[in-house]
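Here is what each chain is made of, one letter per residue.
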Amino acid sequence: MYTQGLDGQIGPVREAETAEEKAREAAFQAKIDAEIRIEPSDWMPEGYRRTLIRQISQHAHSEIVGMLPEGNWVTRAPTLRRKAILLAKIQDEAGHGLYLYSACETLGPTRAELVEQLLAGRAKYSSIFNYPTLTWADIGAIGWLVDGAAIMNQVPLQRCSYGPYARAMVRICKEESFHQRQGYEIMMALANGTAEQRRMAQDALDRWWWPALMMFGPPDKDSVHSAQSMKWKIKRVSNDELRQRFVDVTVPQAERLGLTIPDPHLRWNSERGHYDFGEIDWEEFHRVIAGNGPCNRERLEQRRRAHAEGAWVREAAAAYAEKRARRRAA
Ligand SMILES: [Fe+2]
Ligand SMILES: [Fe+2]
């Protein structure tokens, strides 16, 4: 699903001191400047490695936790067609999580360690998945807005300087665009439906609009690690610029649905050639990121339960792999 400019701390990083270390860092930066991809076996500064581990693992966790609010609706999807589409979409998100854990493993940590950080509540994931899905229209709004914001975030990541992350993103972006369309199609059906269905669609937009804008992370002026990430070409476009792009493409889509975006300050600014929009409630964002959103506890609880209940699958897979290796050796 998504990545967010969370800009968490990566801990103290030792600066290059000796002439040799400085030359190595300069050579690394020259490679980045020349648009040469960095691969797992290449030398890289510790800060680059840790920034990527943080970002890719947060991204992977977001994909996995993102399955939960939608999973609630698999049994309640209104038709068999909707159920099949929703199941496929949720499976895609599981796949995204797995590619990303694999990409992250190329930097050192094991998947078991990464999962353990999530289950222990030490790792962050996108704030958006801590909001509840109250009606079927929420599934439409998530596809349209949340996956829509994810695409906006992830398209530039296909050109990220770290090879395994950039390559994982190519397929992920294709699938996200299917997710966005399926969400918009749900919204279209509701917007063209009964008065009650239109109300449901509007209510979902009202509740998901602002959290979707928060997905792009804190404003550039407060985004402490952004400049370094841009220099390393991990990040190509700033949080505020991505957010603006998202608003600009989404407003006409809402108009086509006949729905109203819940922002009295939203208006076209012909001088800037962009929509102006109101202030985001950053206090809410930080509250949710800190673990105090409406569903944080429930989400982690559900993940822990799924992990415990899936232990036998992991054990069986490991035993089978071992048996095959033994047979091959014999
Ligand atoms: Fe995804
Ligand atoms: Fe998605």
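This report concerns the structure included in the present document. These numbers come from a predicted model, not from an experiment. (Residues numbered from 1 in each chain as written. Chains lettered and ligands numbered in written order. Predicted model: local features only at pLDDT ≥ 70, side-chain atom pairs only at ≥ 80, totals over all residues. Heavy atoms only, no water.)

## Some thoughts on the overall build of the protein chain
Right, so step 1: A tally of helices and strands in the protein chain yields 13 helices and two strands.
Right, so step 2: Relative to the globule expectation of 20 Å for 330 residues, the C-alpha radius of gyration of the protein chain, 21 Å, shows essentially globular dimensions.
Right, so step 3: Its C-alpha atoms give the protein chain principal-axis dimensions of about 65 × 60 × 35 Å.
Right, so step 4: Per-residue burial over the protein chain gives 52% buried out of 330 residues.
Right, so step 5: By sequence separation, contacts in the protein chain at least 24 residues apart represent 79% of the contacts at least 6 residues apart.
Right, so step 6: Summed over all atoms, the accessible surface of the protein chain reaches about 16100 Å², with 54% contributed by carbon and sulfur.
Right, so step 7: With 46 positive and 44 negative side-chain charges, the protein chain shows a spacing of 6 Å between the two charge centroids. (Helix = DSSP H or I, 4+ residues; strand = E, 2+ residues; numbered from the N terminus. Rg over C-alpha atoms; globule rule 2.2 N^0.38 Å. Buried < 20%, exposed > 50% of the residue type's maximum accessible area, 1.4 Å probe, protein only. Contact = heavy atoms within 4.5 Å. Areas by Shrake-Rupley, 256 points an atom, 1.4 Å probe, with all protein chains shown as cover. Lys, Arg positive; Asp, Glu negative; His and termini not counted. Charge placed at Lys NZ, Arg CZ, Asp CG, Glu CD.)

## Some words on the packing of helix α4 (residues 80-105) against helix α5 (residues 111-119)
Right, so step 1: Orientation of α4 relative to α5, taken along the N-to-C sense of each, is 115°, at an axis distance of 9 Å. Taken as a pair, α4 and α5 cross one another with a handedness that is right-handed. Every residue of α5 that contacts α4 at L98, Y101, C104 and E105 is listed here: R111, L114, V115 and L118.
Right, so step 2: Broken down by class, the residue content of the contact of α4 with α5 amounts to six nonpolar, no polar and two charged. (Axes fitted to C-alpha atoms, helices over the stretch in contact; angles between N-to-C directions. Left-handed = near helix turned anticlockwise from the far one by under 90°. Nonpolar A, V, L, I, M, F, W, Y, C, P; charged D, E, K, R; others polar.)

## Comments concerning the packing of aromatic side chains
Right, so step 1: Counted by the stated rule, this structure contains ten aromatic pairs.
Right, so step 2: Consider the rings of W144 and Y184, whose centres lie 5.8 Å apart with planes at 65°: the pair is edge-to-face. Of the two residues, W144 sits in helix α6 (residues 136-154) while Y184 sits in helix α7 (residues 163-191), which places them 40 residues apart along the sequence.
Right, so step 3: A relative accessible area of 1% places W144 in the buried class.
Right, so step 4: Note on Y184: relative accessible area 14%, which makes it buried.
Right, so step 5: Site record: aromatic cluster; members linked through ring pairs are F28, W43, Y48 and W232. (Phe/Tyr/Trp six-rings, centres within 6.5 Å; stacked < 30°, edge-to-face > 60°.)

## A look at the coordination of the iron ion (ligand 2)
Right, so step 1: Distances from the iron ion (ligand 2) to its protein donors, E93 (OE), D147 (OD), E176 (OE) and H179 (ND1), fall within 1.9 to 2.2 Å.
Right, so step 2: Around the iron ion (ligand 2) sit four donor atoms; with metal-centred angles ranging over 90 to 161°, the donor geometry is irregular.
Right, so step 3: Of note, the iron ion (ligand 2) draws all its donor residues from one chain, in the sequence arrangement E-x53-D-x28-E-x2-H.
Right, so step 4: In this structure, the iron ion (ligand 2) is positioned 3.4 Å from the iron ion (ligand 1), and both are ligated by E93. Remark: H179 and E176 occur in helix α7; sequence separation between them is three residues, near one turn of the helix. (Donors = N, O, S within 2.8 Å, 3.2 Å for Na, K, Ca; no water. Tetrahedral: all angles 85-135°; square planar, octahedral: opposite > 155°, others 65-115°.)

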